[in-house]
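Each chain is listed here by its residues.
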Amino acid sequence: MRTFLLIFFSLISIYSIALSGYEEAVDFAKKKDYKQSIAEFIKVAKESDDEELKSKSMFNVAVMYENGMGVPRNPSLALIWYKSSAEKNNKIAQYNLGWMYYHGDSVEKDYFRAFRYYEQSANQGYVKAQFNLANLYFSGLGTTKDFVQAYKWFKICSSGGVEESRQYLNFLSTQISAEELIMAEQLVDNWMKEFRTK
């Protein structure tokens with residue numbers, strides 16, 4: 001029992017140290033001391049055993065490099081940090097990468113990569129990514145044009161509060177067959193059920 005308690009308190013101590021490093025970085029950012037903030041975020045990103053804190057720190061480092069906060073603006077380093085964060089399933093990093101590849105912002109335009117990153121983020125429930133993914137299915141950029149999938153994602157992000165998607169839903173409901181509409185609604189229901197169980 002003593003060994004268990006010692007291990008338990010050691011783990012709590014390690015987690016507290018990682019969390020406090022992240023919180024310090026956030027506090028420095030709130031005080032607009034971006035040099036200290038980015039240094040702390042990098043430290044947490046490299047040393048933390050907590051994957052979520054590591055991912056959040058990587059994302060914040062990317063944002064700071066992208067915007068020149070505490071460091072010279074460096075889109076190439078921002079891209080590297082966004083990718084590292086996205087690999088750890090940070091949905092906003094995935095969304096930002098989708099945006100960058102879609103618009104050719106600091107990277108060569110690549111609709112297929114944009115689609116992949118938007119899809120990863122959308123499947124984690126990020127409504128902005130869901131809307132952009134729906135648009136890619138709608139237009140056939142980065143994927144095959146698919147009005148059923150477009151309807152599915154517009155409907156999902158509509159339930160997340162994206163009002164603009166309703167216009168697309170109204171249009172799409174006139175473009176697909178009754179069977180396709182039923183299939184699209186079933187895809188929405190299946191996704192919603194699966195997402196709620198995650």
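The present account deals with the structure reproduced in this document.

**So, helix α7 (residues 127-139)**
- Taking 1.5 Å per residue as the helical rise, α7 with its 13 residues ought to reach 18 Å, and the 18 Å between its terminal C-alpha atoms agrees with that figure.
- Of the positions making up α7, those classed as buried are Ala129, Gln130, Phe131, Asn132, Leu133, Ala134, Asn135, Leu136 and Tyr137.
- In the stretch just after α7, Gly140 is the one whose phi turns positive, near 80°.

**Details of the nonpolar core**
- Core analysis: the biggest nonpolar cluster contains 52 residues, and Tyr82, Leu97, Trp153 and Phe154 have the highest contact counts within it.
- If we skip the residues at most four places from it in the chain, Phe154 touches Phe131, Ala134, Asn135, Phe138, Ser165, Tyr168, Leu169 and Leu172.

**Looking at the environment of Ser48**
- Within the secondary structure layout, Ser48 lies in the loop between α2 (34-47) and α3 (51-67).
- Spatially, the C-alpha atom of Ser48 lies 42 Å from that of Lys145, the residues being 97 residues apart in sequence.

**A short note on the packing of aromatic side chains**
- In total, this model carries 16 aromatic pairs according to the counting rule given.
- Taking 6.3 Å as the distance between ring centres and 75° as the angle between the ring planes, the aromatic pair formed by Phe138 and Phe154 counts as edge-to-face. Highlighted residues: Phe138 in helix α7 and Phe154 in helix α8 (residues 147-159), separated in sequence by 16 residues.
- The buried category is assigned to Phe154, whose relative accessible area is 0%.
- Three or more aromatic residues joined by ring pairs make a cluster, and in this case those are Phe131, Phe138, Phe147, Phe154, Tyr168 and Phe171.

Each value, and the rule that gives it
Throughout, residues of each chain are indexed from 1 in the direction in which the sequence is written. Reporting in this predicted model follows two pLDDT cut-offs: at least 70 for local features of residues, and 80 or more for side-chain atom pairs to be given and counted; totals over whole chains, interfaces and linings ignore these cut-offs and use all residues. Calculation of side-chain values draws on the structure's entire complement of heavy atoms; hydrogens and water are dropped beforehand. Each helix corresponds to a stretch of at least 4 residues labelled H or I by DSSP, and each strand to a stretch of at least 2 residues labelled E; elements are numbered beginning at the N terminus. An expected span of 1.5 Å times one less than the residue number is assigned to each helix. Relative accessibility under 20% of the residue-type maximum defines a buried residue, over 50% an exposed one, and the middle range a partly exposed one, all with a 1.4 Å probe and only protein chains included. Only buried residues count toward a nonpolar core, which is a set of Ala, Val, Leu, Ile, Met, Phe, Trp, Tyr and Cys residues joined through side-chain atoms within 4.5 Å. Here, two residues are considered to be in contact whenever any of their heavy atoms come within 4.5 Å of each other. Stacked, edge-to-face and tilted are the three classes for Phe, Tyr and Trp ring pairs, Trp counted by its six-membered ring, which pair at centre distances within 6.5 Å; planes under 30 degrees apart are stacked, over 60 edge-to-face, the rest tilted.

Take it as geometry only, folks, not as evidence of what the structure does.
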